[in-house]
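# Descriptive analysis of the structure
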Amino acid sequence: MSVALLWVVSPCDVSNGTSFMESVREGNRFFDSSRHRNLVSNERINRGGGKQTNNGRKFSVRSAILATPSGERTMTSEQMVYDVVLRQAALVKRQLRSTNEFEVKPDIPIPGNLGLLSEAYARCGEVCAEYAKTFNLGTMLMTPERRRAIWAIYVWCRRTDELVDGPNASYITPAALDRWENRLEDVFNGRPFDMLDGASSDTVSNFPVDIQPFRGMIEGMRMDLRRSRYKNFDELYLYWYYVAGTVGLMSVAIMGIAPESKATTESVYNAALALGIANQLTNILRDVGEDARRGRVYLPQDELAQAGLSYEDIFAGRVTDKWRIFMKYQIHRARKFFDEAEKGVIELSSASRFPAWASLVLYRKILDEIEANDYNNFTKRAYVSKSKKLIALPIAYAKSLVPPTKTVSLQR
Ligand SMILES: CC(C)=CCC/C(C)=C/CC/C(C)=C/CC/C(C)=C/[C@@H]1[C@@H](COP(=O)(O)OP(=O)(O)O)[C@]1(C)CC/C=C(\C)CC/C=C(\C)CCC=C(C)C
Ligand SMILES: [Mn+2]
């Protein structure tokens, strides 16, 4: 069955005007493959030697505790996001305790429903195969239950992103995103609107996934509607969390932590968050030119200024020594996030380690390609060739065979 038979969210779908079955009949729109890529980077500052915060977190606060003159905000984005990580991890632990040992629940075999559900998952698989080929390859080694759940999550994320980046993006208003969020609530309440939502609904009832990261991603899309410039790392970090860190949190709940892992749940969640952010930062660094042509700059304005650069330089696409220095710093940042993510991948359940390693290794290679292009990310798209991927994938596979360390290696 072709992926052309995929339901993509349209303004109509989020207007509450179409029922599930109408949507089934009406559906079938293509994704727009010419999507843009967004955003930028940051780094955890003072790793190791940083301040201990209330959460026992070691990151220091260079992006500093932010307080508006009216004293509204007292936490950095990193701190706020880390609170979400702690809540997610606590939730998983609670669920594990209540179900004794977490197991994928079997489907409740309601005749008729089961076929529809299998079809829904199959469609999710087709979307992944079409839009995320390498990632899809990685999922092949996962257990069937986890694989189809990851497909469903992928599709929900893709549809959400498509609202603001797809062919109907110009019709999308904050109100439409509110309706999409209502639909999300229905997914979590077991009342899916369409077939693909049905797969998500089944997934969130079978795995310890919380609604918060999903709501977060919608919030990221709201931000995308509102703004195209960011003052500093702190503002960007929040945006990255919303659009990408959330993906890490959703994924780890499905991929599962190895039973023999000695790492704390929150440290693994934190690593998953880091992988999402590393991937997104890499996306941004690769797509600076493409984003600029759409009037968007996902780079911290204060750091550009410190490097002697302005928005004009970005829009003019000048690869100067100043630009190279700026880019080296951002690439270094992205690599730090990848390093942090690595510590968590090793703790995942054995069959889930390969897709996570593959995603990490291949995405990180894009940074090497930006360097190979002499930091010209204005007119050259950094791209990992098929042959390089073919070399990298067995490396990712070999890494995935390494079990979690016997000692506690990952603690905050
Ligand atoms: C412990 C540990 C390290 C566990 C691993 C956790 C894990 C597998 C994390 C995956 C992180 C990941 C793949 C994040 C994606 C981040 C990302 C690139 C987000 C993009 C946002 C918007 O950006 P933009 O508009 O600039 O980009 P486009 O041009 O539109 O592409 C996203 C597009 C948001 C939507 C995200 C997706 C569609 C991807 C969702 C992927 C999954 C749910 C599967 C992840 C699982 C694996 C195995 C990689
Ligand atoms: Mn997008």
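Residues numbered from 1 in each chain as written. Chains lettered and ligands numbered in written order. Predicted model: local features only at pLDDT ≥ 70, side-chain atom pairs only at ≥ 80, totals over all residues. Heavy atoms only, no water.

As a reminder of what qualifies: UniProt positions are given in the numbering used here, feature names are shortened, and annotations may be inferred rather than shown by experiment.
The name an unreviewed UniProt entry gives the chain is 15-cis-phytoene synthase, with Solanum pennellii as the organism. On record in UniProt, under Sequence similarities (unreviewed entry), the comment for the chain is "Belongs to the phytoene/squalene synthase family."

## Section: the coordination of the manganese ion (ligand 2)
Think of it this way: four donors in a tetrahedron around the metal ideally sit 109.5 degrees apart, and six in an octahedron ideally sit 90 or 180 degrees apart. Let me state the cut-off plainly: Only nitrogen, oxygen and sulfur atoms count as donors, using a 2.8 Å cut-off from the metal that widens to 3.2 Å for Na, K and Ca. Water is left out, so coordination shells may look unfilled. Put simply, DSSP H or I for four residues or longer makes a helix, DSSP E for two residues or longer makes a strand, and each gets a number counted from the N terminus. We call a residue buried when its accessible area falls under 20% of the maximum for its residue type, exposed when it is over 50%, and partly exposed in between, using a 1.4 Å probe and counting protein chains only.
Taken together, the protein ligands of the manganese ion (ligand 2) are D161 (OD), D161 (OD) and D165 (OD), with distances of 1.9 to 2.4 Å. One end of the pair is D161 and the other is D165, both in helix α5 (residues 144-165) and four residues apart, which spans about a single turn. Residue D161 is classed as buried on the basis of its relative accessible area, which comes to 16%. Of the residues examined, D165 reaches a relative accessible area of 8% and is grouped as buried.

## As for the pattern of salt bridges
Put simply, the test is: A pair is scored as a salt bridge if a Lys or Arg side-chain nitrogen falls within 4 Å of a carboxyl oxygen belonging to Asp or Glu.
What the rule picks out here adds up to 29 salt bridges. In this structure, E290 engages R381 in a salt bridge whose closest nitrogen and oxygen atoms are separated by 3.6 Å. Here R381 lies in the loop between α15 (350-372) and α16 (386-400) and E290 lies in helix α11 (residues 288-293), a separation of 91 residues in the sequence. Looking at E290, the relative accessible area reads 24%, which means it is partly exposed. With relative accessibility at 44%, the residue R381 sits in the partly exposed group. Residues participating in the shared-partner salt-bridge network are D178, E181, E185, R215, E219, R222 and R226.

## Here we look at the packing of aromatic side chains
As a reminder of what qualifies: Between rings of Phe, Tyr and Trp, where Trp is taken as its six-membered ring, a pair exists when centres lie within 6.5 Å; planes separated by under 30 degrees are stacked, by over 60 edge-to-face, and by other angles tilted. Charge over a ring is defined by NZ of Lys or CZ of Arg lying within 6 Å of the ring centre and within 35 degrees of the ring normal.
What the rule picks out here adds up to 14 aromatic pairs. Plain terms: the ring middles of W156 and F214 are 5.0 Å apart, the flat faces sit at 70 degrees to each other, and that makes the pair edge-to-face. In this pair, W156 is assigned in helix α5 and F214 in helix α8 (residues 212-226), connecting sequence segments 58 residues apart. The lysine or arginine in question, R229, covers the ring of Y311, its NZ or CZ lying 4.9 Å from the ring centre. Sitting above the plane of the W357 ring, K399 keeps its charged end 4.9 Å from the centroid.

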